[in-house]
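Observations on the model geometry
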There are 2 protein chains.
Amino acid sequence: MDDFDRKIIQFIQANGRAGYAEIGAAVGLSVSAVNERLKKLERQGAIRGWSALVDPAAAGCPVLAFVEVLIERPEHEPAFLALVRDEPAILECHHVTGDWSYLLKVRAADIVALEDLLARRIKTLPGVPRSRSVVVLSSAKDSPVLPVPVPPGA
Amino acid sequence: MDDFDRKIIQFIQANGRAGYAEIGAAVGLSVSAVNERLKKLERQGAIRGWSALVDPAAAGCPVLAFVEVLIERPEHEPAFLALVRDEPAILECHHVTGDWSYLLKVRAADIVALEDLLARRIKTLPGVPRSRSVVVLSSAKDSPVLPVPVPPGA
DNA sequence: TCTGAAAAGTCTCCTTC
DNA sequence: GAAGGAGACTTTTCAGA
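Source: prediction; values computed, not measured. (Residues numbered from 1 in each chain as written. Chains lettered and ligands numbered in written order. Predicted model: local features only at pLDDT ≥ 70, side-chain atom pairs only at ≥ 80, totals over all residues. Heavy atoms only, no water.)

Quick look at the packing of aromatic side chains
All names here are of chain B. Tallied over the entire structure, the rule returns three aromatic pairs over all chains. Geometrically, the ring pair formed by phenylalanine 80 and tyrosine 102 is tilted, given 5.0 Å between the ring centres and 45° between the ring planes. Separated by 22 residues along the polypeptide, phenylalanine 80 in helix 5 (residues 77-86) and tyrosine 102 in strand 4 (residues 102-108) bring together distant segments of the chain. Of the two residues, phenylalanine 80 and tyrosine 102, neither departs from the other in class, the shared state being buried. (Phe/Tyr/Trp six-rings, centres within 6.5 Å; stacked < 30°, edge-to-face > 60°. Helix = DSSP H or I, 4+ residues; strand = E, 2+ residues; numbered from the N terminus. Buried < 20%, exposed > 50% of the residue type's maximum accessible area, 1.4 Å probe, protein only.)

Concerning the environment of B:Pro152
Residue position: B:Pro152 is located in the segment after strand 5 (130-142). The sequence separation of B:Pro152 and B:Ala108 amounts to 44 residues, and the corresponding C-alpha distance is 41 Å.

Topic: helix 3 (residues 31-44) of chain A
Each α-helix turn comprises 3.6 residues. Residues three or four places apart therefore point the same way. All names here are of chain A. Helix length check: helix 3, at 14 residues, gives a terminal C-alpha distance of 20 Å against a target of 20 Å (1.5 Å per residue), a fit within 8%. Of all the residues in helix 3, the buried ones are Val34, Arg37, Leu38 and Leu41. With its buried residues spanning 105° around the axis, helix 3 presents them on a single face. The exposed residues of helix 3 that point more than 90 degrees off its buried face are Glu36 and Arg43. Those residues of helix 3 that are buried lie in contact with helix 1 (3-14), helix 2 (20-27) and strand 1 (47-54). With its phi angle positive at about 90°, glycine 45 sits one or two positions after the end of helix 3. (Expected span 1.5 Å × (residues − 1). Arc of directions from axis to C-beta. Contact = heavy atoms within 4.5 Å.)

A few points about helix 3 (residues 31-44) of chain B
All of the buried residues in helix 3 of chain B are B:Ala33, B:Val34, B:Arg37, B:Leu38 and B:Leu41. Among the structural elements, helix 1 (3-14), helix 2 (20-27) and strand 1 (47-54) of chain B are those in contact with the buried residues of helix 3 of chain B.

A word on the sheet that holds strand 3 (residues 90-96) of chain A
The strand order 2(A)-4(A)-3(A)-5(B)-2(B)-4(B)-3(B)-5(A) describes a closed barrel built from eight strands, whose pairing is antiparallel. Across the sheet, the mean angle from the axis of one strand to that of its neighbour is 35°, orientation sign disregarded. Pairing between strand 2 (residues 63-70) of chain A and strand 5 (residues 130-142) of chain A: six bridges, direction antiparallel. Each bridged residue has a counterpart across the sheet, and for A:Phe66 the counterpart in strand 5 of chain A is A:Val134. (Pairing = 2+ DSSP bridges. Axes fitted to C-alpha atoms, helices over the stretch in contact; angles between N-to-C directions.)

Things to note about the protein's contact with DNA strand C
Around DNA strand C sit 13 residues, and of these A:Ser30, A:Ser32, A:Arg37, B:Gly19 and B:Tyr20 come closest. The sugar and phosphate moieties of DNA strand C supply 61% of its atoms located within 4 Å of the protein. Between a phosphate oxygen of DNA strand C and a side-chain N or O atom of A:Arg37, the distance comes to 2.5 Å. At 3.3 Å from a phosphate oxygen of DNA strand C is found a side-chain nitrogen or oxygen belonging to B:Asn35. At the level of elements, helix 3 of chain A together with helix 2 and helix 3 of chain B are the ones that each hand at least two residues to the surface near DNA strand C. Here the surface near DNA strand C is composed, by residue class, of five nonpolar, five polar and three charged. (Near = heavy atom within 4 Å. Polar contact = N/O pair within 3.5 Å; in protein donor to acceptor, adjacent residues only side chain to side chain. Nonpolar A, V, L, I, M, F, W, Y, C, P; charged D, E, K, R; others polar.)

Points about the protein's contact with DNA strand D
Near DNA strand D, the surroundings consist of 13 residues, among which A:Gly19, A:Tyr20, B:Ser30, B:Ser32 and B:Arg37 are the closest. The sugar-phosphate backbone supplies 55% of the atoms of DNA strand D found within 4 Å of the protein. Between DNA strand D and A:Tyr20, the relevant distance is 2.6 Å, taken from a phosphate oxygen to a main-chain nitrogen or oxygen of the residue. A:Lys39 is positioned with one of its side-chain polar atoms (N or O) 3.4 Å from a phosphate oxygen of DNA strand D. Listed by contribution, the elements that provide at least two residues to the surface near DNA strand D are helix 2 and helix 3 of chain A together with helix 3 of chain B. Looking at which element gives the most residues to the surface near DNA strand D, the answer is helix 3 of chain A, with four residues. Looking at the surface near DNA strand D residue by residue, the class counts come to five nonpolar, five polar and three charged.

Written as structure tokens, this is what we have:
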């Protein structure tokens, strides 16, 4: 992972469908060099995949909420994580420090669908005594694009 | 936005670099039809862009945190939102219901960089009396892929 | 590991349905 | 709107350094 790789990663996060020539022009490499480095980054797992960034309203899920969940004991976690894995409305699930066990990012078609997910699917799980939801009114920024910091010795 | 469009959106969120032939085979359309629908979806803004999904550790920003921020009065919001816009470490900024004003998703190279962002850049803003941070220990799921619910009359 | 050029494959545009 | 075909472009592969 040298400076070329970081430049490539930065560029393709913002230009996911750019051709190799365009990437090469942006970072200062030939078409073949870009091809080889992309293949290497995908093989290494540094590039997890490629995606179209879709407008949530257009996709039919304009309601966004963050849900903090308390899991009482470790033996109740597998069932919870299975739900997280299988439920596409749960975009993110993070194990967190602080008063709660997990923080979820959830998208739904409307408030009714959100209530259904919370009341019928999450709170009915064993070992989930409490949860706390925060509903998003609007998003000033909502991007999957990571910052690529300059490494220590640069 | 008919059923073909929804299928296309679903497919290209998981296969952002798929060719038009591949998309067409997945949803049941010809290459040209896929081409036209993609252009239309981009024109309409339903497709906001295309991106490579990058492993945060490989990109050099393994530390993830969620920060709740209180903004005292509306006149202090523009400066805060300008910081949000210009700071690449702030991936998301949502205006939320509940006790706090905004919820941020933040990535940093290490805890020191996170502290720097919180203590030197956010808490020094006027009208920001309090904030509360939750650090992520691990992520069971972290995806930008939206669910595409079936519409009411289907 | 990079460059450069040829081969294979893909997108784009145009015509027709 | 959707399908099919000719031309331009891109990706892939393979020498050579």
